[in-house]
Every structure is written in C-alpha cells, then in structure tokens.
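Chain by chain, the residues:
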Amino acid sequence: MKIATWNVNSVKARLSHLETYLTENRPDVLCLQELKTEEFPAASIQALGYNIEYCGQKAYNGVALLSPHPITVTQKGLAGEDEDLQARYIEAEVQGIRVASIYLPNGNPVESEKYPYKLRWMARLKERAKQLLASEVPFVLAGDFNIIPENRDAKRPEQWVNDALALPQSRSAFRAILNLGLTEAFRALHPDRAGAYSFWDYQAGAWPQDNGIRIDHLLLSPALADRLTACDIDKTPRGWEKASDHTPVWCEVA
DNA sequence: ATGCCGTCCGAAGGACGA
C-alpha cells in the first residue's frame, strides 16, 4: 500500500500536475495540502478512479485525501480550539489504516500571533496522536509539518535559525509528537541521508541551486512502522513547468 | 533582502506563504 503526501499550493493551479502524478504513480492514498479553494475540482480526478474527501477553505489552507479505495472520514479539524476555523486536518479510514492529511501552521513571523498558534496546533495534534495510539488503530499522520527536524534537513541551516520552521521550540514540539512512539518514515529508512528536501522556495533560484528544506513528513504508528518497506521523496514534480514549491513524499507499507 | 516568486481575490494591490 503506497501512501503519498503533497502540498500542491493550489489544487486548481496544479490540477494537470495532480492528474499526471496520479496516473504515473497510482498511490493508494494521496494526502494533499494547500488546496486554496472552498470547492475541490473533482471531475477529472474522479475520472481517474479516485475518491475524494476534503476540508476546503476559500483562498487559504485546505486538505484532502484521495484514494481509489473507499474513504471513510473519521474527523475534520482538531479538537481543543473551537474558534479555529482553518482547514488544516482531515482524517479517514482507508483499507484498515487511519490516514490524516495535515497542514501544520507555518508560524512566521515568530513575533506575531502566528507562532503561538503554531505551537498550540502542535499540542492539539499531539493530543490527537495520543488518542489514536490508545485506540491501537494503525495510523499515519502525513503532510506539510512546516518543521525542519534537524540542521541536516536544510541545505543552508544558517538561513533558518530564527525561523518558525527550525526554532528549538518548534523542533522540540515535533520531537514530543515523535516521542509518543511514532516513526518518521523517511529518516527511519535513511538514517544517514543528507541533502534530501521536499520544498524549494520559488525565489532566489532556490530550486536550481538545490537550496531546499525537508518539511513534509509521514509519521507512522508503531504497528504501521513495522510494515514500512520503502519511503522516498519524488523530486520529479518540482521540476515541472509552473510547479508547486513542494514535491511529493511517499512510503510503502506491507 | 524589508518576499527576489506564485497564488488568491477581485479588479489594484495587499495578504499570505516558508
């Protein structure tokens, strides 16, 4: 079973890329982030044999789950902050696996309200992870975490020292989730690999210079981690014309 | 680099992303 995640930075602007990716890779589940629309443009994706469940929002955010298998939605949004209406979390059961597509807040600028919102959101995600662990359902939290876990996950870590993606408090909150007993799939299978990135800024020639960061992750529950056979980053879509600034990350579980 | 580019909304340019 192949599970992939991709921040498409507008599903409308990236629809042809999405069609190509699904056709060429046929993932069993694709988690999408940053739909940037209230209504998912579903027709051409459904025509490829994919079911779609999503949580949309006008102009900003938006997450989706795509699968050729039946998708049973278990939750939209995270508990713990009733006034939070941002579309950043959708969770569903697919083929006996609980899959969540998450778009974790960026948090910049750090001095603004956005940073405490990011940290609160991470605490809420941790609570959800605790519940899922207690339920013993195999699960994966997949998406744009907006976290650079370690300096080796950035081409130029010095550019990110004061950034919400890499601050010690951000990394600590990410580790706190992992330390519940989750497995970060890419690092688990490639413990020594450096220079592996999932995002390259549109600006300043970041892509041609390979000035990237690894911020898109798949976090597996213990039982699912035991079934992990492969995980990698597919850089191909980042090289396409009018690409998203993120590229897909995928894993295979037996 | 005080966002260099890209997308959205809405009809110019500001908000936002990371």
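Residues numbered from 1 in each chain as written. Chains lettered and ligands numbered in written order. Predicted model: local features only at pLDDT ≥ 70, side-chain atom pairs only at ≥ 80, totals over all residues. Heavy atoms only, no water.

> Just to check I follow, could you spell out the protein's contact with DNA strand B for this structure?
Around DNA strand B, the surrounding shell holds 24 residues, and the nearest of these are Ser10, Arg14, Glu34, Asn106 and Gln203. Backbone atoms, meaning sugar and phosphate, form 65% of the atoms of DNA strand B found within 4 Å of the protein. Taking asparagine 146, its side chain carries an N or O atom lying 3.1 Å from a phosphate oxygen of DNA strand B. Alanine 204 places a main-chain nitrogen or oxygen 3.0 Å from a base oxygen of DNA strand B. Here the residues of the surface near DNA strand B are counted per class, giving nine nonpolar, eight polar and seven charged. (Near = heavy atom within 4 Å. Polar contact = N/O pair within 3.5 Å; in protein donor to acceptor, adjacent residues only side chain to side chain. Nonpolar A, V, L, I, M, F, W, Y, C, P; charged D, E, K, R; others polar.)

> Just to check I follow, could you spell out the sheet that holds strand E3 (residues 51-55) for this structure?
Strand pairing in a sheet takes place through backbone hydrogen bonds and is either antiparallel or parallel in direction. In spatial order, the strands read E3-E4-E2-E1-E14-E13; together these six strands make up an open sheet with mixed pairing. Edge strands, defined here as strands with exactly one partner in the open sheet, are E3 and strand E13 (228-233). Each adjacent strand pair in this sheet contributes to an overall mean axis angle of 15°, direction not counted. Summarising the sheet, E13 and strand E14 (residues 249-253) pair through five bridges and their orientation is antiparallel. (Pairing = 2+ DSSP bridges. Helix = DSSP H or I, 4+ residues; strand = E, 2+ residues; numbered from the N terminus. Axes fitted to C-alpha atoms, helices over the stretch in contact; angles between N-to-C directions.)

> Even after reading the chapter, I still don't get the packing of aromatic side chains, so can you show me in this structure?
Two descriptors summarise a pair of aromatic rings, namely the distance from one centre to the other and the angle between the planes of the rings. Tallying each qualifying case throughout the model produces four aromatic pairs. With a centroid separation of 5.6 Å and an interplanar angle of 50°, the aromatic rings of phenylalanine 40 and tyrosine 54 are classed as tilted. Taken together, the residues span a long stretch of sequence, with phenylalanine 40 in the loop between strand E2 (29-33) and helix H2 (43-46) and tyrosine 54 in strand E3 at a distance of 14 residues. The aromatic ring of tryptophan 250 is capped on one face by lysine 2, whose charged end is 4.8 Å from the ring centroid. (Phe/Tyr/Trp six-rings, centres within 6.5 Å; stacked < 30°, edge-to-face > 60°. Lys NZ or Arg CZ within 6 Å of the ring centre and 35° of its normal.)

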